[in-house]
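Close look at the chain arrangement
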Amino acid sequence: MQEDNKKSVELCDKAIRYDETYTKAYLRRGKSHEKLDNLDKALEDFQKVLELEPGNSTAQEGSQRVTPLIAERNEKMKEEVLGKLKELGNCFLKPFGMSTDNFKLQQDPTTGGYSVNFQK
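A brief report on the enclosed structure follows. Going along each chain's sequence as written, the residues are numbered from 1 onward. Under the rules for a predicted model, residues below a pLDDT of 70 receive no local features and side-chain atom pairs below 80 are neither given nor counted, while totals for whole chains, interfaces and linings still include all residues. The side-chain values count all of the structure's non-hydrogen atoms but skip hydrogen atoms and water molecules.

**Comments concerning helix α1 (residues 2-18)**
The criterion, for reference: Only DSSP runs of H or I with at least four residues qualify as helices, and only runs of E with at least two residues qualify as strands; both kinds are numbered from the N terminus onward. Each helix should span, by expectation, one fewer than its residue count multiplied by 1.5 Å. Only protein chains enter the calculation, and the probe is 1.4 Å; a residue is then buried if its accessible area is under 20% of its type maximum, exposed if over 50%, and partly exposed in between. The directions from the helix axis to the C-beta atoms form the arc being described.
Look at α1: 25 Å from first C-alpha to last across 17 residues, which is about the 24 Å you get at 1.5 Å a residue. Those residues of α1 lying buried are Asn-5, Ser-8, Val-9, Cys-12 and Ile-16. Projected down its long axis, α1 shows its buried positions confined to an angular sector of 100°, all on one face. In α1, those exposed residues whose orientation departs by more than 90 degrees from the buried face are Glu-3, Lys-14, Arg-17 and Tyr-18.

Rendered as structure tokens:
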């Protein structure tokens, strides 16, 4: 199944090189990218179809389907990276009897910036 989707992407790439307005190729490639878990590329293809045909319901559904999946994936990646950074920080702070739990971040809602507060 994965090989079929990869082949579909290749064939759609060729069709799009031949005709950059061929919306069926963008739709097929978007669906194949989605099945291959290339969500960002799938969203790009669905958005391209909507650019060419603003009322295309298949592209709208695809875009609505992958957008929350991308957000969910990005949130998981962010949590994973922050966890690894916290572990690394704790390695450096441990000899001083501290941990990253001693530092609290507060986001300023107006600017989006953060302030760091130390707590014992």
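**Focus on the side chain of Glu-34**
Heads up, the rule is: Polar contacts, as counted here, are pairs of nitrogen or oxygen atoms within 3.5 Å of one another; within protein the pair requires one atom able to donate a hydrogen and one able to accept it, and residues that are adjacent in sequence qualify only if both atoms are side-chain atoms. Between two residues, a contact is recorded if the distance between any of their heavy atoms is within 4.5 Å.
The residue Glu-34 is located in helix α2 (residues 23-35) in this model. Polar contacts involving the side chain of Glu-34 include one to the side chain of Arg-65, which spans 2.7 Å. Once residues within four sequence positions are removed from consideration, Glu-34 is found in contact with Leu-39, Ala-42, Phe-46, Arg-65 and Val-66.

**Things to note about the nonpolar core**
If you look at soluble globular proteins, the nonpolar side chains tend to sit buried side by side. For the record, the criterion: Residues enter a nonpolar core if they are buried and are Ala, Val, Leu, Ile, Met, Phe, Trp, Tyr or Cys, with the set joined through side-chain atoms within 4.5 Å.
One finds Leu-27, Phe-46, Val-49 and Val-66 to be the most contacted residues of the largest nonpolar core, which totals 13 residues. Elements supplying a minimum of two residues to this core: α1, α2, α3 (39-52) and α4 (57-93). With sequence-adjacent residues up to four places away left out, Phe-46 is seen in contact with Leu-27, Gly-30, Lys-31, Glu-34, Ala-59, Gly-62, Ser-63, Arg-65 and Val-66.

**Details of the packing of α1 against α2**
Rule in force here: As a rule, the C-alpha atoms of each element are fitted with a line to give its axis, helices using only the stretch in contact, and angles between N-to-C directions run from 0 to 180 degrees. For classification purposes, angles smaller than 35 degrees are called roughly parallel, those larger than 145 roughly antiparallel, those between 65 and 115 roughly perpendicular, and all remaining angles oblique. Handedness of a crossing is defined here by the sense of rotation of the near helix relative to the far one, left-handed for an anticlockwise turn of less than a right angle and right-handed for a clockwise turn.
For the pair α1 and α2, interaxial distance at closest approach is 9 Å and the crossing angle is 150°. Put simply, α1 runs roughly antiparallel to α2. At the point where α1 passes α2, the crossing takes the left-handed sense. Judged by residue contacts, Asn-5, Ser-8, Val-9, Cys-12, Asp-13, Ala-15 and Ile-16 of α1 engage Ala-25, Tyr-26, Arg-28, Arg-29, Ser-32, His-33 and Lys-35 from α2.

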